[in-house]
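A structural walkthrough
Each chain is listed here by its residues.
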Amino acid sequence: VRSENFMIALNDFIQSKTGNQLIILSQIPRFNLDVNRVNRFLNIGLPVQFVRKNSYKTANNSLAELAMSYKNVEFWHLDRLSVFDDAPFFHGQQIYLDDHHINEIGARIYAETAIKYFHNLVFK
């Protein structure tokens, strides 16, 4: 979203699809440290502080604003799903690959949690 060229291209794409229903999915929470490093420190008992970066929220706000400009576009705040409540972990399992990508376990849990949004769209 920081790229002006990306936002122009996304806007152009949306304008070319005015007859279609489009959904923009939010970016997931992002952290200040690589989760693998955090996990290693935690496993050997060292204290480590990791925090969510606000950059993903800023990006999501920009994307949500863009979506509101069009009748055929919805923005889904999937970053607010319960799977991310204790991110980068979920029920004690690491669900992130690094500071901003979910791993295979995280992808599965994310899909299971997000599926209700897709069902609501299909069965409206």
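Let me sum up the structure you'll find in this document. The written sequence of each chain sets the order in which its residues are numbered from 1. Note on the predicted model: pLDDT of at least 70 is required for a residue's local features to be given, and 80 or more for side-chain atom pairs to be given and counted; whole-chain, interface and lining totals, by contrast, use all residues. The basis for every side-chain value is the complete set of heavy atoms in the structure, and neither hydrogens nor water enter the calculation.

1. Comments concerning the layout of surface pockets
Stated formally: A cavity here means a set of 1 Å grid points, computed over protein atoms only, where a 1.4 Å probe fits but cannot escape. A pocket is an open set with protein on both sides within 12 Å along at least 5 of 7 lines, and lining residues have an atom within 4 Å of a point. Grid points are joined across faces, edges and corners, and a volume is the space filled by probe spheres set on the points. Here a strand is any run of E in DSSP of at least two residues, a helix any run of H or I of at least four, and the numbering for each starts at the N terminus. Under the convention adopted here, Pro, Cys and the residues Ala, Val, Leu, Ile, Met, Phe, Trp and Tyr are nonpolar, Asp, Glu, Lys and Arg are charged, and Gly plus all remaining residues are polar.
One number sums up the size of the largest pocket: a volume of about 240 Å³. Every residue along the wall of the largest pocket is listed here: Val1, Arg2, Gln27, Arg30, Lys53, Ser55, Tyr56, Thr58, Ala59 and Ser62. Considering every element that reaches the lining of the largest pocket, the biggest residue donor is helix H3 (residues 55-68), with five residues. Classifying every residue of the lining of the largest pocket gives three nonpolar, four polar and three charged.

2. A closer look at the environment of Phe13
Along the chain, Phe13 falls in helix H1 (residues 4-16). In sequence terms Phe13 and Lys57 are 44 residues apart; their C-alpha atoms lie 23 Å from each other.

3. Here's the deal with the packing of aromatic side chains
Spelled out, the test is: Aromatic rings from Phe, Tyr and Trp, with only the six-membered ring used for Trp, were paired whenever their centres fell within 6.5 Å, and each pair was classed as stacked if the ring planes differed by under 30 degrees, edge-to-face if by over 60, and tilted otherwise. Per-residue accessibility, obtained with a 1.4 Å probe over protein chains only, is compared with the maximum for each type, and a residue is labelled buried under 20%, exposed over 50%, and partly exposed between these values.
Tallied over the full model, the rule gives six aromatic pairs. On the basis of an interplanar angle of 70° and a centroid distance of 6.5 Å, the ring pair of Phe84 and Tyr96 is categorised as edge-to-face. Of this pair, Phe84 sits in the loop between strand S4 (73-76) and strand S5 (89-90) while Tyr96 sits in the loop between strand S6 (93-94) and helix H4 (104-122), and the two are twelve residues apart along the sequence. By relative accessible area, which is 0% here, Tyr96 ends up buried. Put simply, the rings of Phe31, Phe50, Phe84, Phe89, Tyr96 and Tyr110 touch in pairs and so form one group of aromatic residues.

4. Focus on a nonpolar patch on the surface
To keep things clear, this is the line we draw: Each patch is built from salt-bridge-free residues with over 30% relative accessible area, joining like charges within 9 Å and nonpolar side chains (Val, Leu, Ile, Met, Phe, Trp, Tyr) within 5 Å. The Shrake-Rupley method, run with a 1.4 Å probe sphere, supplies the accessible areas, and residue values consider only the shown protein chains as cover. Basic side-chain nitrogens of Lys or Arg form a salt bridge, by our definition, when they fall within 4 Å of a carboxyl oxygen of Asp or Glu.
On the surface, a cluster of nonpolar side chains totalling about 310 Å² of accessible area is made up of Leu25, Ile115, Tyr117 and Phe118. Considering each element in turn, the nonpolar patch owes the most residues, three residues, to H4.

5. What about the pattern of salt bridges?
Applying the stated criterion across every chain, the model contains two salt bridges. Here Asp99 makes a salt bridge to Arg30, at a shortest N to O gap of 3.8 Å. Remark: Arg30 occurs in strand S2 (residues 30-31) and Asp99 occurs in the loop between S6 and H4; sequence separation between them is 69 residues. Given a relative accessible area of 19%, Asp99 falls into the buried group. For Arg30, a relative accessible area of 23% puts it in the partly exposed group. Between Glu104 and Arg108 there is a salt bridge, and its shortest N-O distance comes to 2.8 Å. Here Arg108 and Glu104 lie together in helix H4, a separation of four residues that amounts to about one turn.

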